[in-house]
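Chains, contacts and geometry: an overview
One-letter residues, chain by chain:
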Amino acid sequence: VKSADQYLQSIRDGRHVYLRGSRIRDVTVGEAFGPAVRRVARGYERYFRDEPEAWHPMYEVPSSPDMLRERLHLVEDNDVTTATSAAVLTLVTACSRSEVIEDRYGDQIRAYMDWVRREDLRVAELITDAKGDRSLPPSKQDDPDLYVRVVDRTESGIVVRGAKFHVSAAPVVHEFVTMPTKRMKVGEEEYATAFAVPANADGVRIIGSAQSPTEEDARHFPASANLAMPEAMIVFDDVFVPYERVFLDGEVAESALFAHSLGLWERLSGLVDIAHRADVLVGLAQLVAEANGVAGITHIKEKIADIIIYSTMIRAGIEASINAAEELPGGICTPSELYTNALKYYAAANYHIVLRNVQDVAGGSVVTAPTIGDLEHSEIGDYVAKYLRTSDDIDARYRLSLFHLIRDLTADAHGGKYMVGYLVGGGGLMAQQLVTRKHFDMERAKRAAILEGELAARSNS
Ligand SMILES: Cc1cc2nc3c(=O)[nH]c(=O)nc-3n(C[C@H](O)[C@H](O)[C@H](O)COP(=O)(O)OP(=O)(O)OC[C@H]3O[C@@H](n4cnc5c(N)ncnc54)[C@H](O)[C@@H]3O)c2cc1C
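All of the points below concern the structure found in this document. No experiment lies behind these values; they were computed from the predicted model shown. (Residues numbered from 1 in each chain as written. Predicted model: local features only at pLDDT ≥ 70, side-chain atom pairs only at ≥ 80, totals over all residues. Heavy atoms only, no water.)

**Brief notes about the sheet that holds strand β10 (residues 246-249)**
By definition, the strands of a sheet pair up through backbone hydrogen bonds, in either a parallel or an antiparallel sense. If you walk across this open sheet you meet the 4 strands as β3-β6-β7-β10, and the pairing is mixed. Two strands lie at the open edges of the sheet, namely β3 (123-126) and β10, each paired on one side alone. The mean inter-strand angle of the sheet, taken between neighbouring strand axes irrespective of direction, is 20°. In the sheet, strand β7 (residues 193-198) pairs with β10 via 3 bridges, with the strands oriented antiparallel. The residue of β10 that forms the bridge with A194 is L248. Sitting on the sheet, helix α8 (residues 255-292) touches β3, β7 and β10, and the angle it makes with β10 is about 130°. (Pairing = 2+ DSSP bridges. Helix = DSSP H or I, 4+ residues; strand = E, 2+ residues; numbered from the N terminus. Axes fitted to C-alpha atoms, helices over the stretch in contact; angles between N-to-C directions. Contact = heavy atoms within 4.5 Å.)

What follows is the structure, encoded as structure tokens:
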């Protein structure tokens, strides 16, 4: 596996990355992508083993609920590339779910996975197309490039054009695994394309968005200064993809399979992240309540209890999802579709309420507190120390650090990114409603309703 230095070296590869109107020639330099690069590098450091056969445990294909649980611990303990690299597991899952994919692409999917594992690469998942007018299918858009499509082919590969949006960690990974965002119809074969290209491939443009702090004093941004991860819009301007990296090529009937398989991995990893974030928010709400002297007040305790219930429901749902895992042909063990999607819906739909509770407990200083720089200022520092303290036990520095962390996590660019990301990442609420409906045993529910009615009718007679 790679060392941290080898990782840094490997992403100085001439990729075309842009941020806030400027070209970033080296993503490892400067603060725009600095927190993300450092975080991924720490992950490399952590798992580094100087042995030719070693690979990162995230590339272990889970074949039992226990292995699935292990994988989720890894996702929770590491940066988001541990989750996005599941794009490779998605390809393997697609083979297990479709004979067509297995027969036509199984060998090259496994060869790709072996290569990614051997080279210890990080991968981004590219699903979400530009989509233009959402009411129209790809083939009816006024610009045919609004969904990624094949525009040409040669003897050795395809040429693709289009754009994928919101791609997590894209500026700091090596490979882009790309797949259709939804089922394509007959006549839309050019859009039924899945493939992998390196981030520095000719014609790839990475237009980044980042929530890393732009101010000099990172103490005002205690979370995002260390944890911010960028997203990016990826443009494919006639990019050549050799056939050995093509995993779907015109099979419209199989085109939704990849998005469904990815959705499952993506939603479960997202849930692990939300569970972790919810625990942090419980702790922060309790700490700030204690620091403000309101921890014993009934409505404050109720609000914190609501966050505790949210976090506990998510942990319980993840456990249920693992315990009801399915074993697919080929031995891969995947989490329960029903439980994962129902839980993702619950977590996404209620996260805003969690934030509301934390902010209500903490008060307005979340967004107006002076900075640590103000506290240290020779002219105003004493005022800040005097008016921001609670008691001899709770001084201003401590309270300011709580307010800044809560603002960074809930009320600023980084927290706002998560607020939207948890809601729509892995597909919006509608996507989870659809999948939950599909996997719910409606016949059992109808039988139960009929039986209930019959029993009531009998007891009334
Ligand atoms: C922080 C973050 C990280 C993300 N990471 C990734 C990633 O790594 N890779 C990736 O591929 N994507 C990623 N996404 C994208 C995410 O999956 C999408 O945002 C999500 O699928 C919604 O798509 P959209 O943003 O284009 O919104 P839209 O599709 O425009 O949806 C907006 C609303 O319109 C509704 N809508 C849209 N079309 C229809 C229709 N035809 N019928 C009925 N209702 C419709 C939706 O249900 C929703 O309510 C990420 C998003 C965020 C915010």
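Let us keep going from here.
**A closer look at empty space enclosed by the protein**
Per the counting criterion, the structure on display carries 2 cavities of 30 Å³ or more. The volume enclosed by the largest cavity comes to roughly 50 Å³. Every residue along the wall of the largest cavity is listed here: V40, G43, Y44, Y47, H56, M58, N78, D79, T81, T82 and R122. Those elements giving two or more residues to the lining of the largest cavity turn out to be α2 (34-47) and α4 (81-84). At 4 residues, α2 tops the list of elements feeding residues into the lining of the largest cavity. In terms of residue class, the lining of the largest cavity is made up of 4 nonpolar, 5 polar and 2 charged. Of the voids in this model, the second largest cavity is the one considered here, and its volume is about 30 Å³. Around the second largest cavity sit D129, Y147, V148, K164, T178, M179, P180, M184, Y191 and T193, which together line it. (1 Å grid on protein atoms, 1.4 Å probe; cavity = no way out; pocket = protein on both sides within 12 Å on 5 of 7 lines; lining within 4 Å. Points joined across faces, edges and corners; volume = space filled by probe spheres on them. Nonpolar A, V, L, I, M, F, W, Y, C, P; charged D, E, K, R; others polar.)

**Structural notes on the nonpolar core**
Residues I101, I314 and I318 are the most contacted members of the largest nonpolar core, which totals 89 residues. Residue contributions to this core peak at 18 residues, all from α8. Every residue in contact with I101, bar those within four places of it in the chain, is listed here: A94, C95, G106, I109, F247, L248, E254, L257 and F258. V40, F176, F236 and V239 belong to the second largest nonpolar core, which has 40 residues in total. (Core = buried A, V, L, I, M, F, W, Y, C linked by side-chain atoms within 4.5 Å. Buried < 20%, exposed > 50% of the residue type's maximum accessible area, 1.4 Å probe, protein only.)

**Concerning the site of the ligand**
Near the ligand lie 17 residues; those nearest to it are E125, I127, T128, K131 and R134. V424 places a main-chain nitrogen or oxygen 3.5 Å from an oxygen atom of the ligand. Relative to its unbound accessible surface of 960 Å², the ligand loses 62% to contact with the protein. For the shell around the ligand, the secondary structure elements donating two or more residues are β3 and α15 (413-424). When residues of the shell around the ligand are assigned to their parent elements, the largest contribution, 3 residues, is made by α15. Tallied by class, the residues present in the shell around the ligand amount to 6 nonpolar, 6 polar and 5 charged. (Near = heavy atom within 4 Å. Polar contact = N/O pair within 3.5 Å; in protein donor to acceptor, adjacent residues only side chain to side chain. Areas by Shrake-Rupley, 256 points an atom, 1.4 Å probe, with all protein chains shown as cover.)

**Some thoughts on the environment of V367**
By the element assignment, V367 lies in helix α11 (residues 365-368). Here V367 falls in the exposed class, since its relative accessible area comes to 53%. Separated by 44 residues in the primary sequence, V367 and A411 place their C-alpha atoms 7.3 Å from one another. Those residues within four positions of V367 in sequence are excluded, and the remaining contacts are R407 and A411.

**Section: helix α10 (residues 337-362)**
Over its 26 residues, α10 runs 37 Å from end to end, which matches the ideal 38 Å to within 8%, given 1.5 Å per residue. The axis of α10 is deflected most strongly, by about 40°, at N350. At the N-terminal boundary of α10, the capping side chain belongs to S336, with an oxygen 3.3 Å from the backbone nitrogen of L338. (Expected span 1.5 Å × (residues − 1). Bend = angle between axes of the 7 residues up to and from the residue.)

**Structural notes on the sheet that holds strand β8 (residues 204-209)**
An order of β2-β1-β8-β9-β5-β4 is seen for the 6 strands of this open sheet, with the pairing classed as mixed. In the strand order of this sheet, the two ends are held by β2 (22-24) and β4 (149-153), each with one partner. Neighbour to neighbour, the strand axes of the sheet diverge by 25° on average, direction disregarded. As paired elements, β8 and strand β9 (residues 231-242) share 6 bridges and run antiparallel to each other.

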